[in-house]
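# Close look at the chain arrangement
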Amino acid sequence: MRVRIVGGGLAGSEAAWQAASRGVPVTLHEMRPARLTEAHKSDGLAELVCSNSFRSDDAEGNAVGLLHEEMRRAGSLIMAAADRHKLPAGAALAVDRDDFSACVTRALAADPLVAIERGEVAGLPPPEWDNVIIATGPLTSPALAEAIEALTGEGALAFFDAIAPIVHLDSIDPAITWRQSRYDKLGPGGTGADYINCPLRKGEYEAFIDALIGAEKTSFKAWEASTPYFEGCLPIEVMAERGRDTLRFGPMKPVGLSNPHTPGERPYAVVQLRQDNALGSLWNMVGFQTKLKHGEQTRVFRSIPGLARAEFARLGGLHRNTFLNAPKLLDPQLRLNVSPRLRFAGQITGCEGYVESAAIGLLAGQAAAAERRGRPWLSPPVTTALGALIGHITGGHLAAADDGGRSFQPMNINFGLFPPLTAGEAGPASGKDRGRNKKRRLSARALADLERWLAGRRDDAAA
Ligand SMILES: Cc1cc2nc3c(=O)[nH]c(=O)nc-3n(C[C@H](O)[C@H](O)[C@H](O)COP(=O)(O)OP(=O)(O)OC[C@H]3O[C@@H](n4cnc5c(N)ncnc54)[C@H](O)[C@@H]3O)c2cc1C
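Keep in mind that this is a model prediction, so the values were computed, not measured. (Residues numbered from 1 in each chain as written. Predicted model: local features only at pLDDT ≥ 70, side-chain atom pairs only at ≥ 80, totals over all residues. Heavy atoms only, no water.)

### Quick look at the overall build of the protein
- Summing up its helical and strand segments, the protein has twelve helices and 17 strands in all.
- Taken over the C-alpha trace, the protein has a radius of gyration of 23 Å; the compact-globule value for 463 residues is 23 Å, and the two agree within 12%.
- Expressed as lengths along the three principal axes of its C-alpha atoms, the size of the protein is roughly 75 × 50 × 45 Å.
- Of all 463 residues assigned to the protein, the portion counted as buried reaches 55%.
- Total accessible area on the protein stands at roughly 18900 Å², and carbon and sulfur atoms take up 56% of it. (Helix = DSSP H or I, 4+ residues; strand = E, 2+ residues; numbered from the N terminus. Rg over C-alpha atoms; globule rule 2.2 N^0.38 Å. Buried < 20%, exposed > 50% of the residue type's maximum accessible area, 1.4 Å probe, protein only. Areas by Shrake-Rupley, 256 points an atom, 1.4 Å probe, with all protein chains shown as cover.)

Shown next as structure tokens:
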């Protein structure tokens, strides 16, 4: 009757806590300390491998702060440990990493329903494990990663992110940009106007190239440098360094496009954005994977005509990672379509960040426990941060027609993943605090809807 959880990181620890809180026995399999990853240094559960920050704790004005609050209300161990060991950090929730990890480890070790087994699961879990959560994270051990890849099919598991920035639609200037697909091609399911185009004149392009080349970059860690993607997926700043026109003949080529705002004038270069989520609220800068520092990305990309006021839902990056093409492979309960005994949680599902990984662990733990107890499990409403996140992973991303369905990239929680406010829910359409008010209303709606969802699950948690 056990739920087996592989990986005692942020997601696995939270999943174990949630399942045990519902009266379901759990075995948590963690390979450390016998085998470490390139980034983990201790034998503690829920080790924070880099920063000690859970980012903003503002539940009204920031989507990750809202996620914190929803997780607290859903009985999260990770949030309880973070709150207990928080450090002064302004509006952010930062923690003492050692005390935090020790707190999580102690809580799980003390739980009579949780057994912690140390050792690598070096391949697919044995067939007699019929309810498994795989939460082995971005640095999943190679033996298990290879087995998952063999099961899910070629290309279904990625080993790095080449992330291009994603922009909120309502921050793109429609007076400068226009919608058009190259050569007005319809493509499968297209309209001929599927891209948002930002035009650059010669001087603007030259200034943009200078800014790219001069901007500060982040460096690769030694163990990331051997990841074999550099030629296949070059950062735009590297392309710019190879030649001033490389981008103009690559992702910024101006062909097949005509700017209705300046008829008769051909753009010298064009930046294209492609719809990234089914809601149409988020747009991906096509081919703009980058290693620029985050502050530099904001500065340089806002120099592109039409993006002067761009708000970024996600900035670009290139990292070693391990994640599934989840919208294609997982069902709404995070189970693998081809092998439903295997459920996934954490960063391997294609969410990004400590808090998001723990949040998906929370949902996976609840769903696995409900399945064990023969109860139905409904995911939280899409209007909540928890629901928006799982919704994005299991279906919300809109795959680009021309990439073989592989355009899914890891995502932090952000308000662009939430369904827009209805006319009745929205406040005044203008005014100085419009953006802040919108977030406040989205948060209030989320917490009200979460309470209704939690009320329906209380008998479950009390088991
Ligand atoms: C180098 C690096 C830095 C990062 N920095 C940040 C940051 O600063 N802020 C942030 O929000 N996010 C960061 N992330 C992203 C991500 O949020 C974290 O990696 C987060 O820990 C993911 O949570 P998880 O539970 O999915 O995986 P993890 O916390 O990594 O947990 C996975 C666990 O599974 C174990 N494991 C792996 N394979 C096996 C196996 N076969 N058998 C048994 N156990 C196994 C591992 O030892 C590990 O304990 C970073 C990622 C990396 C790789």
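### Focus: the packing of helix H1 (residues 10–21) against helix H10 (residues 354–372)
- Contact pair H1 / H10: the axes reach a minimum separation of 7 Å and the direction vectors enclose 35 degrees. When the axes of H1 and H10 are compared, the crossing they make is right-handed. The segment H1 lies against H10, with Leu 10, Ala 11, Glu 14, Ala 15, Gln 18 and Ala 19 engaging Tyr 354, Ser 357, Ala 358, Gly 361, Leu 362, Gly 365, Gln 366 and Ala 369.
- Within the contact of H1 with H10, the residues separate by chemical class into eight nonpolar, five polar and one charged. (Axes fitted to C-alpha atoms, helices over the stretch in contact; angles between N-to-C directions. Left-handed = near helix turned anticlockwise from the far one by under 90°. Contact = heavy atoms within 4.5 Å. Nonpolar A, V, L, I, M, F, W, Y, C, P; charged D, E, K, R; others polar.)

### What about H1?
- Its twelve residues give H1 an end-to-end C-alpha distance of 17 Å, which sits within 8% of 16 Å, the value for a rise of 1.5 Å per residue.
- For H1, the tally of buried residues reaches ten of twelve residues, placing the bulk of the element in the interior.
- Downstream of H1 by one or two residues, Gly 23 has phi in the positive range, about 80 degrees. (Expected span 1.5 Å × (residues − 1).)

### Describing the packing of aromatic side chains
- This model, assessed by the stated rule, comprises seven aromatic pairs.
- Between Phe 54 and Tyr 354, the ring centres sit 6.1 Å apart and the planes meet at 50 degrees, which makes this aromatic pair tilted. Note that Phe 54 is positioned in strand S3 (residues 53–56) and Tyr 354 in helix H10, a separation of 300 residues in sequence. Taken as a pair, Phe 54 and Tyr 354 share a single burial class, namely buried.
- Summarising the aromatic geometry, the rings of Phe 208 and Phe 288 are spaced 6.2 Å apart at their centres and angled 25 degrees between planes, so their arrangement reads as stacked. You can see Phe 208 sitting in helix H6 (residues 202–214) and its partner Phe 288 sitting in the loop between strand S13 (282–285) and helix H8 (294–301), a full 80 residues away along the chain. In terms of burial, Phe 208 and Phe 288 fall into one category: buried.
- Through pairs of rings, three or more aromatic residues link up here, namely Phe 54, Phe 100 and Tyr 354. (Phe/Tyr/Trp six-rings, centres within 6.5 Å; stacked < 30°, edge-to-face > 60°.)

### Side note on the pattern of salt bridges
- For the structure shown, the criterion picks out 29 salt bridges.
- A salt bridge links Arg 32 to Glu 47; the shortest N-O distance between them is 3.3 Å. You can see Arg 32 sitting in the loop between strand S2 (26–30) and S3 and its partner Glu 47 sitting in the loop between S2 and S3, a full 15 residues away along the chain. Note on accessibility: Arg 32 and Glu 47 belong to one class, buried.
- Look at the salt bridges and you will find they share partners, linking Asp 57, Glu 69, Arg 72, Arg 73, Asp 83 and Glu 451 into a network. (Salt bridge = Lys/Arg side-chain N within 4 Å of Asp/Glu carboxyl O.)

### Here we look at the nonpolar core
- Judged by nonpolar contacts, the single largest core of 93 residues is most densely connected at Phe 54, Phe 100, Ile 413 and Phe 418.
- Broken down by element, the residue count for this core peaks at twelve residues, all from H10.
- If sequence neighbours within four positions are ignored, Ile 413 has contacts with Arg 55, Ala 63, Val 64, Leu 67, Glu 356, Ala 385, Ala 388, Leu 389 and Phe 418. (Core = buried A, V, L, I, M, F, W, Y, C linked by side-chain atoms within 4.5 Å.)

### Some words on the site of the ligand
- Near the ligand there are 32 residues, and of these Glu 30, Arg 32, Gln 347, Gly 353 and Tyr 354 occur at the shortest range.
- Taking Ala 11, its main chain carries an N or O atom lying 2.8 Å from an oxygen atom of the ligand.
- Contacts to the ligand include Tyr 354, whose backbone N or O atom sits 2.8 Å from an oxygen atom.
- Relative to its free-state accessible area of 970 Å², the ligand is covered by the protein chains to the extent of 92%. (Near = heavy atom within 4 Å. Polar contact = N/O pair within 3.5 Å; in protein donor to acceptor, adjacent residues only side chain to side chain.)

### Section: the sheet that holds strand S5 (residues 92–95)
- One open sheet holds the three strands; their spatial order is S3-S5-S4, and the pairing between them is antiparallel. The strands lining the two open edges of the sheet, one partner per strand, are S3 and strand S4 (86–87).
- Relative to S5, S4 is paired through two bridges, and the arrangement is antiparallel. Residue Leu 87 lies in a different strand from S5, and its bridge partner there is Ala 94. (Pairing = 2+ DSSP bridges.)

### Examining the state of the cysteines
- Summed over the entire model, instances satisfying the criterion amount to zero disulfides.
- This cysteine, Cys 351, is not joined by any disulfide, and Cys 50 carries the nearest cysteine sulfur, 16 Å off. (Disulfide = S-S within 2.5 Å.)

### Considering the pairing of strand S8 (residues 157–163)
- With five of its seven residues buried, S8 lies for the most part within the structure.
- As paired elements, S8 and strand S15 (residues 317–324) share six bridges and run antiparallel to each other. Bridging from a neighbouring strand, Ala 158 pairs with Phe 323 of S15.

### Quick notes on the sheet that holds S13
- Taken together, six strands build an open sheet; the order of strands is S10-S11-S12-S13-S9-S14 and the sheet is antiparallel. Of all strands in the sheet, those bounded by a partner on one side alone are strand S10 (178–179) and strand S14 (312–314).
- Bridge analysis of strand S9 (residues 166–168) against S14 gives two bridges, and the strand direction is antiparallel. Each residue of the ladder has a partner; that of Ile 166, found in S14, is Arg 314.
- Sitting on the sheet, H6 touches strand S11 (195–200) and strand S12 (269–275), and the angle it makes with S11 is about 95 degrees.

### Some remarks on helix H11 (residues 385–396)
- Counted at 1.5 Å a residue, the expected span for H11 with its twelve residues is 16 Å, but the 13 Å between its end C-alpha atoms falls short.
- Judged by how many residues are buried, H11 sits mostly within the fold: ten of twelve residues are covered.
- Those residues of H11 that sit buried are Ala 385, Leu 386, Gly 387, Ala 388, Leu 389, Ile 390, His 392, Ile 393, Thr 394 and Gly 396.

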